[in-house]
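Take a look at the letters that make up each chain.
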Amino acid sequence: MTLDDRLNEIFRDVFADDSITVDDATTAEDIEGWDSLAHINLMFSLEDEFSVKIPDEDFANAKNVGEIRRLLEEHGA
Amino acid sequence: MAPDPRVAHDGLGELRFHHLGFVTTSCEREAQTLALLGYQPEGEIFTDPAQGIRGQFLVGGGPRVELLEPLPGATTLDPWLRKGVKVYHHAYETQLLDDAIADARRAGARLVSAPQPAVAFAQRRVAFLMLPSMYLFELIEQAGGGE
């Protein structure tokens, strides 16, 4: 499974929506329910899935899925 | 002697329970409702623009409660208000706030709000962390803490 596939699975699971497909440009504006709480839930889920640890501030500042992807890759995903 | 149940003895050093955070759209209406359970105001309603909230502590009906209502235009409490959640955080006092935060992060909690002075606590610093189970908790620096 590619990183893209795994990202999509996580987003679909966190937001309980199997129709979600993300790309690097996807932001919180594009997904219903992606608020500050969901952002934290996303972080926990991604860290768990990819067995990585991302600094709180870095993830909090990630503006789109592309930046989240880069953080995952930088930390070993 | 049995340990004081109000003081957490494991994990994050010595924490003293302070309050449950209770989100509401109206502190006044919520206080009236909780009076049915024996709660009475502890102090006046306070406003904290930095946190985007107005709040009030209540005591008497059980654990101390901190009612929190969003200020106009503030969105801090929106995720819980949207979900209809009422009790949304536990809060504890600690003598060594920075150490407690570091311990919590080592144990897997995520810092969601860095320490900042809080009106509710006479400008003592508070920080908010999220447990991996997605439950929020607050750490409050005790008076004289960090010395």
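Residues numbered from 1 in each chain as written. Chains lettered and ligands numbered in written order. Predicted model: local features only at pLDDT ≥ 70, side-chain atom pairs only at ≥ 80, totals over all residues. Heavy atoms only, no water.

Asks: Please provide a residue-by-residue account of the overall build of chain A, values included.
Replies: If you tally the helices and strands in chain A, you get four helices and zero strands. Counted from the first residue to the last, chain A has its helices and strands arranged as α-α-α-α. On C-alpha atoms alone, chain A measures out to a radius of gyration of 11 Å, which is about the 11 Å that the 2.2 N^0.38 rule sets for 77 residues. Principal-axis analysis of the C-alpha atoms places the extent of chain A at approximately 30 × 30 × 20 Å. In chain A, 48% of the contacts between residues at least 6 apart in sequence involve partners at least 24 apart. When the accessible surface of chain A is summed, it comes to about 4200 Å², and 42% of that surface belongs to carbon and sulfur atoms. Computed over 6 positive and 21 negative side-chain charges, the inter-centroid distance for chain A is 4 Å. (Helix = DSSP H or I, 4+ residues; strand = E, 2+ residues; numbered from the N terminus. Rg over C-alpha atoms; globule rule 2.2 N^0.38 Å. Contact = heavy atoms within 4.5 Å. Areas by Shrake-Rupley, 256 points an atom, 1.4 Å probe, with all protein chains shown as cover. Lys, Arg positive; Asp, Glu negative; His and termini not counted. Charge placed at Lys NZ, Arg CZ, Asp CG, Glu CD.)

Asks: Describe the packing of helix H1 (residues 3–14) of chain A against helix H2 (residues 36–50) of chain A, and please don't skip the residues or the numbers.
Replies: Residue and element names in this part refer to chain A. The interhelical angle for the contact between H1 and H2, taken along N-to-C directions, is 135°, at an axis separation of 10 Å. As summarised for this structure, H1 and H2 are arranged oblique, according to the angle between their axes. Judged by the sense of rotation from one axis to the other, the crossing of H1 with H2 is right-handed. Residue-level inspection shows Leu3, Arg6, Leu7, Ile10, Phe11 and Val14 of H1 in contact with H2, the latter providing Ala38, Asn41, Leu42, Ser45, Leu46, Glu49 and Phe50. Grouping the amino acids of the contact of H1 with H2 by side-chain chemistry returns nine nonpolar, two polar and two charged. (Axes fitted to C-alpha atoms, helices over the stretch in contact; angles between N-to-C directions. Parallel < 35°, antiparallel > 145°, perpendicular 65-115°, else oblique. Left-handed = near helix turned anticlockwise from the far one by under 90°. Nonpolar A, V, L, I, M, F, W, Y, C, P; charged D, E, K, R; others polar.)

Asks: Account for the interface of chain B and chain A, naming residues and giving values.
Replies: Contact with chain B, which involves 13 residues of that partner, is made by 13 residues of chain A. Between chain B and chain A, the buried area comes to about 1100 Å², and carbon and sulfur atoms account for 57% of it. The largest contributions to the chain B side of the interface with chain A come from Arg105, Arg110 and Met134 of chain B, which together make up 54% of the buried area. Across the contact surface, chain B and chain A share five salt bridges. One salt bridge connects aspartate 56 of chain A with arginine 105 of chain B, and the closest N-O pair in it is separated by 2.7 Å. Elements that contribute at least two residues to the side of chain B that touches chain A include exactly helix H2 (78–83) and strand S7 (110–118) of chain B. By residue number, the principal contributor to the side of chain B that touches chain A is H2 of chain B, which donates four residues. Split by residue class, the side of chain B that touches chain A holds eight nonpolar, one polar and four charged. (Buried area = accessible area lost by both parts, 1.4 Å probe. Salt bridge = Lys/Arg side-chain N within 4 Å of Asp/Glu carboxyl O.)

Asks: Hey, could you go over the pairing of strand S9 (residues 136–141) of chain B for me, with residue numbers and the actual values?
Replies: On any regular strand, side chains alternate: one points to one face of the sheet, the next to the other face. Residue and element names in this part refer to chain B. Among the six residues of S9, six are classified as buried, and the element is accordingly described as predominantly covered. The alternating pattern of S9 places Leu136, Glu138 and Ile140 and Phe137, Leu139 and Glu141 on opposite faces, both of which are buried. Relative to S9, strand S6 (residues 87–94) runs parallel, the two sharing six bridges. For alanine 91, the partnering residue across the bridge sits in S9 and is glutamate 138. (Buried < 20%, exposed > 50% of the residue type's maximum accessible area, 1.4 Å probe, protein only. Pairing = 2+ DSSP bridges.)

Asks: Got a sec to walk through helix H3 (residues 97–106) of chain B? Specific residues and values, please.
Replies: Residue and element names in this part refer to chain B. Looking at H3, one finds that the buried residues are Leu97, Ala100, Ile101 and Ala104. Along the axis of H3, the buried residues cluster in a sector spanning 100°; they form a single face. Lining the buried residues of H3 we find S6, S7, strand S8 (124–130) and S9. Positive backbone phi, at 110°, marks glycine 108, one or two positions downstream of H3. (Arc of directions from axis to C-beta.)

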